[in-house]
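Residue-level listing of the chains:
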Amino acid sequence: MNLRDWTKIALFHATITLAAFHHSTLQYHDISLLGPTTKQAGSPAPVSSDNRVLICPGFGYSTNDYTGSDGLVSSLVQQGWKREHIHVLQIRRLDWFSVFIRGLSDLKFWQGDAAPTRPAFRWYLDLIAKQIQQICSQSERTKLIIIGHSAGGWLCRAALGFLSGEVKGMPQMIDLNNIKGIVTLGTPHIPPPPRVFDISRGALKITNEMFPGAYFSPAIRYITVMGCLIQGQGLAYDSYQRVCGDGDQNGDGFVPCCAGHLDGAIQINLQDVGHYEYGRASVVKRWHGILVSEIFHSHIEEALE
């Protein structure tokens, strides 16, 4: 990997970081539900006191981006969750520079063949594992829903795969029995084709090779949510091109819909929703009802059988 490649990585992620910082200035659009399921969310459903939520921030985002008055945490509270049952991974915006700093000394990162357990992303996986341990230590009955935004979605998949005892030689830091479901919001789940420079330096590709699709289903339910706001143009075209190799796709402005879903997952496309709008109350209420139906109710039905 040469200086030009490093420049690509730095410019692309700097763009995401700056865009995340200024996301509150974007216009909000009403949405409609599209995709393979037509289930609609009704009034906020009661949520068991044994359930918890862990939110995993996307690349360039910080904890504070999800805890504001119009953030994902507030929207989940409106859907029936208690505030103390919602946790957000503690991330500062500057922490994301660790990806580049740690990657500098890793030959695999330079070669584009670095698993997410290599230095560039391992710090994030460890944060997820430790937070899960802390949350679930409060009660043996505690069950967790992980919500990953943007890169946080595939990184939580990587954490559950690599740190749950599935991979020989890796420590078991996560008990999968504690996890009820994974919801991803605007996550690039599919690595770019070989002809396209891989911004994750192999981490996403290796995650998909080892833990493809809804890998732990049906024990863990998967829901993938994608916004369909912008047909490839301008910055969206460039971003889609880097994610999937085709800038003409439709997507949320950063991630194209063609890369945002997993085989075996419940796939939801939301009309006119941008990459920064998944946590808005009007958006959350459209997918939260499906979460309750497909994750909570499905588990109850299985327990009764």
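Since the structure is predicted, the reported quantities are computational estimates derived from the model, not experimental observations.

A.B. asks: So what's going on with the pattern of salt bridges? Residues and values would help.
C.D. replies: All chains considered together, the criterion is met by eight salt bridges. With a shortest N-O distance of 2.8 Å, Arg 92 and Asp 95 are connected by a salt bridge. Overall, Asp 95 belongs to the buried group, its relative accessible area being 15%. Its salt-bridge partner being Asp 113, residue Lys 205 comes within 3.8 Å of it at the nearest N-O pair. Placement of Lys 205 in helix H7 (residues 203–210) and of Asp 113 in the loop between helix H4 (107–111) and helix H5 (119–136) is noted, with a sequence separation of 92 residues between them. Relative accessible area serves as the criterion here: at 29%, Lys 205 is assigned to the partly exposed category.

A.B. asks: Could you give an account of the nonpolar core, naming the residues involved and the relevant values?
C.D. replies: By size, the foremost hydrophobic cluster in this structure holds 48 residues, and its most contacted members are Val 99, Tyr 124, Ile 128, Ile 132 and Leu 160. Among the elements that take part in this core, H5 stands out by supplying ten residues, more than any other. The residues touching Val 99, leaving out its near neighbours within four places in the chain, are Phe 59, Phe 109, Ala 120, Phe 121 and Trp 123. Judged by nonpolar contacts, the second largest core, of 35 residues, contains Leu 76, Leu 185, Leu 270 and Leu 291.

A.B. asks: Residues and numbers for helix H6 (residues 151–162), please.
C.D. replies: Its twelve residues give H6 an end-to-end C-alpha distance of 16 Å, which sits within 8% of 16 Å, the value for a rise of 1.5 Å per residue. Burial analysis of H6 places twelve of its twelve residues in the buried class, the great majority of the element. Every buried residue of H6 is listed here: Ala 151, Gly 152, Gly 153, Trp 154, Leu 155, Cys 156, Arg 157, Ala 158, Ala 159, Leu 160, Gly 161 and Phe 162.

A.B. asks: Can you tell me about the packing of H5 against H6, naming the residues and giving the values?
C.D. replies: In the contact formed by H5 and H6, the axes pass within 9 Å of each other and the chain directions differ by 70 degrees. Classified by the angle between their axes, H5 and H6 sit roughly perpendicular to one another. Residue-level contacts link Phe 121, Tyr 124, Leu 125, Ile 128 and Ile 132 of H5 to Gly 152, Trp 154, Leu 155, Cys 156, Ala 158, Ala 159 and Leu 160 of H6. Of the residues belonging to the contact of H5 with H6, the class tally is eleven nonpolar, one polar and no charged.

A.B. asks: Quick rundown of the packing of H6 against H7? Include the residues and the values.
C.D. replies: As a packed pair, H6 and H7 sit with axes 10 Å apart at the nearest point and diverge in direction by 50 degrees. Here H6 is positioned oblique relative to H7, judged by the angle of their axes. When the axes of H6 and H7 are compared, the crossing they make is left-handed. Contacts between H6 and H7 involve Trp 154, Arg 157, Ala 158 and Phe 162 from the former and Ala 203, Leu 204, Ile 206, Thr 207, Asn 208 and Met 210 from the latter. Among the residues making up the contact of H6 with H7, the classes are represented as seven nonpolar, two polar and one charged.

A.B. asks: Give me the environment of Ala 236: which residues, what numbers.
C.D. replies: Relative to the assigned elements, Ala 236 resides in helix H8 (residues 234–244). Considering only alpha carbons, one finds Ala 236 and Asp 248, twelve residues apart in sequence, at a separation of 8.9 Å.

A.B. asks: Run through the environment of Ile 206, naming residues and quoting values.
C.D. replies: Mapping Ile 206 onto the fold places it in helix H7. The sequence separation of Ile 206 and Asp 113 amounts to 93 residues, and the corresponding C-alpha distance is 7.9 Å. When neighbours within four sequence positions are excluded, Ile 206 is seen to be in contact with Asp 113, Ala 114, Ala 115, Pro 116 and Phe 162.

A.B. asks: How would you explain H5 if you had to name every residue and give the values?
C.D. replies: Since one α-helical turn is 3.6 residues long, residues separated by three or four positions face the same way. With 18 residues, H5 should cover 26 Å at 1.5 Å per step; its first-to-last C-alpha distance of 26 Å lies within 8% of that length. Taken as a whole, H5 has its buried residues at Ala 120, Phe 121, Trp 123, Tyr 124, Leu 125, Asp 126, Ile 128, Ala 129, Gln 131, Ile 132, Ile 135 and Cys 136.

A.B. asks: I'd love a proper account of the pairing of strand E5 (residues 179–185), names of residues and values included.
C.D. replies: With respect to burial, E5 is a largely interior element, seven of its seven residues being buried. As a crossover connection, the stretch from strand E4 (residues 143–149) through H6 into E5 is right-handed. Judged from the five bridges that link them, E5 and strand E6 (residues 221–228) form a sheet pairing that is parallel. Paired with Val 183 across the strands is Ile 223, a residue of E6. In this view, the connection linking E5 to its parallel neighbour E6 by way of H7 has right-handed handedness.

What counts as what
Throughout, residues of each chain are indexed from 1 in the direction in which the sequence is written. Local features are withheld for residues below a pLDDT of 70 in this predicted model, meaning they are given only at 70 or higher, and side-chain atom pairs are given and counted only at 80 or more; totals for whole chains, interfaces and linings count all residues. Values reported for side chains reflect all heavy atoms of the structure, with hydrogen atoms and water molecules removed beforehand. Whenever Lys or Arg places a side-chain nitrogen within 4 Å of a carboxyl oxygen from Asp or Glu, that contact is recorded as a salt bridge. Residue burial is assigned from relative accessible area. The probe radius is 1.4 Å, only protein chains are included, and a residue is buried under 20% of its type maximum, exposed over 50%, and partly exposed in between. The numbering of helices and of strands both runs from the N terminus, where a helix is a DSSP run of H or I of at least 4 residues and a strand a run of E of at least 2. For the purposes of this section, nonpolar cores are sets of buried Ala, Val, Leu, Ile, Met, Phe, Trp, Tyr and Cys residues that join through side-chain atoms within 4.5 Å. Between two residues, a contact is recorded if the distance between any of their heavy atoms is within 4.5 Å. Take the number of residues in a helix, subtract one, and multiply by 1.5 Å to get its expected span. Axis lines are fitted through C-alpha atoms, for helices just across the contact stretch, and the angle between N-to-C directions can take any value from 0 to 180 degrees. Each angle receives one of four descriptions, namely roughly parallel if under 35 degrees, roughly antiparallel if over 145, roughly perpendicular if within 65 to 115, and oblique otherwise. Note on residue categories: nonpolar means Ala, Val, Leu, Ile, Met, Phe, Trp, Tyr, Cys or Pro, charged means Asp, Glu, Lys or Arg, and polar means any other residue, Gly included. Definitions for this section: a left-handed crossing has its near helix turned counterclockwise from the far helix by less than a right angle. A right-handed crossing has that turn clockwise. Crossover handedness is defined by viewing with both strands directed away from the observer: a clockwise path from the first strand over the helix to the second marks the crossover as right-handed. We treat two strands as partners when DSSP finds at least two bridges between them.

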